[in-house]
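Analysis of the macromolecular model
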Amino acid sequence: MKFVSNILYRFVRLWVTITLRLFYVKIECTGHEHIKTDKPYIVLANHQNTLLDALLVLCFSNIKNLHFLARADIFNGKKIVKQLLEFFKIAPIYRRTDGISAFKKLDEVWANSKTILNRGDSICIFPEGTHSATYEYRPLKKGFLKLAQSAEDENLEFLPIIIHFENHYSAISKVWIEIKEPIPQSEKSASEVEAVFKETMVLADKNEDATAVFNHAAKIGLDFDAAVRMFRSGRQDEITSIVTSSWGDKLLLLLTSPLFLLASCLFLPFDFISKYLSLKMKDKQFSLSVQLVIKWIFYSFIFFAFIVYDLLTHPYWYETIIKILIVFGLGVFHKAYLYKVKRVLSK
């Protein structure tokens, strides 16, 4: 049964990865060379976009057997939500604000975490404690130090991962994931982790400027990771001083518009439905996560219905694979086209 569960988990993770590729214009992950596949890590990621943060780390860091610790209150909803979280190896971690009775369960959390780490699996935790759609550094909670102590393994290292969103509220944007060098356990671990977060993220006093600079970078077609690096080094004026003509972009959009219309027939209905349903969320930051889940459900149903139908009506399986690749390509093109339209209209 465990073997079947693992196969299903790997398949679902792959399908979520494909959905994320269709969801965003571009997702880039750098720093894989810092990860050793034969050892566990305590992964420390910044928290800007609710469920999307965990899924991006899970699907693009390539860390094997990755578990998560998330705040306990998200497990208090519907049973299906709890089951979905457990399926993706997300366990609750309790805080003082959850009440004394809940806080007493922390010993059980540390014991379970020790078991996970000692068998060679990794655990991801979001040390900021809560999510916030800003580019700023926020003080880190020290729970990750307690997690390391509970493992009783001096060779266990902290692996910082920083996620940069070009736009926190729109999927017509890019994401850059930075995997930093592992930090060994020592008396200076906390300060070293904080230093990495501070150096890698855009600082609080530059947050408002960052939004404007990244928007301009998108307009001029500058790669998002390059824009972040330039901003961090204090070269944001270089970005905002660049002005480009949009005639070439307009011509390209015109020539490829028939292909966009074809792709829109397949994907725009899902965009409108998921956007409409996400507007019902009280917390705006959950809107993109809700859109992703809805699209994942829709894509799953449509794609697998198409595969079954095509395999039953056509004898050659390779034809089905080619058609799926074409549809996937149209999905990627559709998102890229909308991104370029957004750039042209904002110039």
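Residues numbered from 1 in each chain as written. Predicted model: local features only at pLDDT ≥ 70, side-chain atom pairs only at ≥ 80, totals over all residues. Heavy atoms only, no water.

**Observations regarding the pairing of strand 5 (residues 122-125)**
Burial along strand 5 is two-sided: the residues Ser122 and Cys124 and Ile123 and Ile125 are all buried. Pairing of strand 2 (residues 41-45) with strand 5 involves three bridges; the strand directions are parallel. When the bridges of strand 5 are listed, Val43 appears paired with Cys124. Pairing of strand 3 (residues 66-71) with strand 5 involves four bridges; the strand directions are parallel. By the bridge assignment for strand 5, Leu69 is matched with Ile125. (Buried < 20%, exposed > 50% of the residue type's maximum accessible area, 1.4 Å probe, protein only. Helix = DSSP H or I, 4+ residues; strand = E, 2+ residues; numbered from the N terminus. Pairing = 2+ DSSP bridges.)

**Some thoughts on the nonpolar core**
Counting residues in each nonpolar core, the largest one holds 40 residues, and the members touching the most others are Leu20, Val43, Leu56, Val57, Phe68 and Ile177. Among the elements of the structure, helix 1 (2-23), strand 1 (26-30), strand 2, helix 2 (51-60), strand 3, strand 6 (157-165), strand 7 (174-179) and helix 13 (287-313) are those that each provide at least two residues to this core. Looking at this core, the element that brings in the most residues is helix 2, giving eight residues. When residues no more than four places from it in sequence are discounted, the contact partners of Leu20 are Ile27, Leu52, Leu55, Leu56, Cys59, Phe60 and Leu292. Within the second largest apolar cluster, 27 residues are counted, among which are Ile42, Ala72, Tyr94 and Val109. (Core = buried A, V, L, I, M, F, W, Y, C linked by side-chain atoms within 4.5 Å. Contact = heavy atoms within 4.5 Å.)

**Description of the pattern of salt bridges**
Tallying each qualifying case throughout the model produces seven salt bridges. Put simply, Asp271 and Lys295 hold a salt bridge, and the shortest N to O gap is 2.5 Å. Of this pair, Asp271 sits in helix 12 (residues 257-278) while Lys295 sits in helix 13, and the two are 24 residues apart along the sequence. Of the two residues, Asp271 and Lys295, both sit in the buried class. (Salt bridge = Lys/Arg side-chain N within 4 Å of Asp/Glu carboxyl O.)

**Quick word on a nonpolar patch on the surface**
A cluster of nonpolar side chains, namely Leu311, Tyr316, Trp317, Tyr318, Ile321, Ile322, Leu325 and Ile326, defines an oily patch on the protein surface of about 860 Å² accessible area. When residues of the nonpolar patch are assigned to their parent elements, the largest contribution, six residues, is made by helix 14 (residues 317-345). Secondary-structure assignment places Ile322 in helix 14. (Patch = residues over 30% accessible without salt bridge, like charges linked within 9 Å, V, L, I, M, F, W, Y side chains within 5 Å. Areas by Shrake-Rupley, 256 points an atom, 1.4 Å probe, with all protein chains shown as cover.)

**So, the environment of Thr200**
The topology assignment puts Thr200 in helix 7 (residues 189-200). The sequence separation of Thr200 and Glu154 amounts to 46 residues, and the corresponding C-alpha distance is 26 Å. If near-sequence neighbours (up to four positions away) are discounted, Thr200 is found in contact with Ile162, His164, Glu178, Lys180 and Arg232.

**Here we look at the side chain of Ser170**
With respect to the helices, strands and loops of the structure, Ser170 is situated in the loop between strand 6 and strand 7. Since its relative accessible area comes to 17%, Ser170 is described here as buried. There is a polar contact of 3.1 Å between the side chain of Ser170 and the backbone nitrogen of Ile172. When sequence neighbours within four positions are dropped, the list of residues in contact with Ser170 reads Tyr24, Leu288 and Lys342. (Polar contact = N/O pair within 3.5 Å; in protein donor to acceptor, adjacent residues only side chain to side chain.)

**A few points about the environment of Arg71**
Looking at where Arg71 falls in the secondary structure, it is placed in strand 3. Residue classification places Arg71 among the partly exposed positions, given a relative accessible area of 21%. Distance in space between the C-alpha atoms of Arg71 and Glu86 is 13 Å, their sequence separation being 15 residues.

**A closer look at unusual backbone geometry**
Even without being glycine, Thr50 reaches a positive phi, approximately 45 degrees. Structurally, Thr50 is set in the loop between strand 2 and helix 2. Unusually for a residue other than glycine, Lys89 sits at a positive phi of about 60 degrees.

**Description of the environment of Phe260**
Within the secondary structure layout, Phe260 lies in helix 12. We classify Phe260 as buried; its relative accessible area is 14%. A sequence separation of 200 residues divides Phe260 from Phe60, and the C-alpha atoms of the two residues are 28 Å apart. Apart from residues lying up to four places away in sequence, Phe260 is in contact with Phe333, His334, Tyr337 and Leu338.

**Section: the packing of aromatic side chains**
Following the criterion strictly, the structure yields 16 aromatic pairs and no others. When the ring of Trp15 is compared with that of Phe303, the centres are 5.4 Å apart and the planes differ by 70 degrees; the resulting orientation is edge-to-face. Residue Trp15 is located in helix 1, and its partner Phe303 is located in helix 13; the two are separated by 288 residues in the primary sequence. For the pair Trp15 and Phe303, one class covers both residues: buried. Ring geometry for Tyr24 against Phe165: centres 6.4 Å apart, planes inclined by 45 degrees, an arrangement best described as tilted. Of the two residues, Tyr24 sits in the loop between helix 1 and strand 1 while Phe165 sits in strand 6, which places them 141 residues apart along the sequence. Grouped by ring-pair contacts, the aromatic residues Phe11, Trp15, Phe267, Phe270, Phe298, Tyr299, Phe303 and Phe304 constitute a single cluster. Between the NZ or CZ atom of Lys335 and the centre of the ring of Phe23, over which it lies, the distance is 5.8 Å. (Phe/Tyr/Trp six-rings, centres within 6.5 Å; stacked < 30°, edge-to-face > 60°. Lys NZ or Arg CZ within 6 Å of the ring centre and 35° of its normal.)

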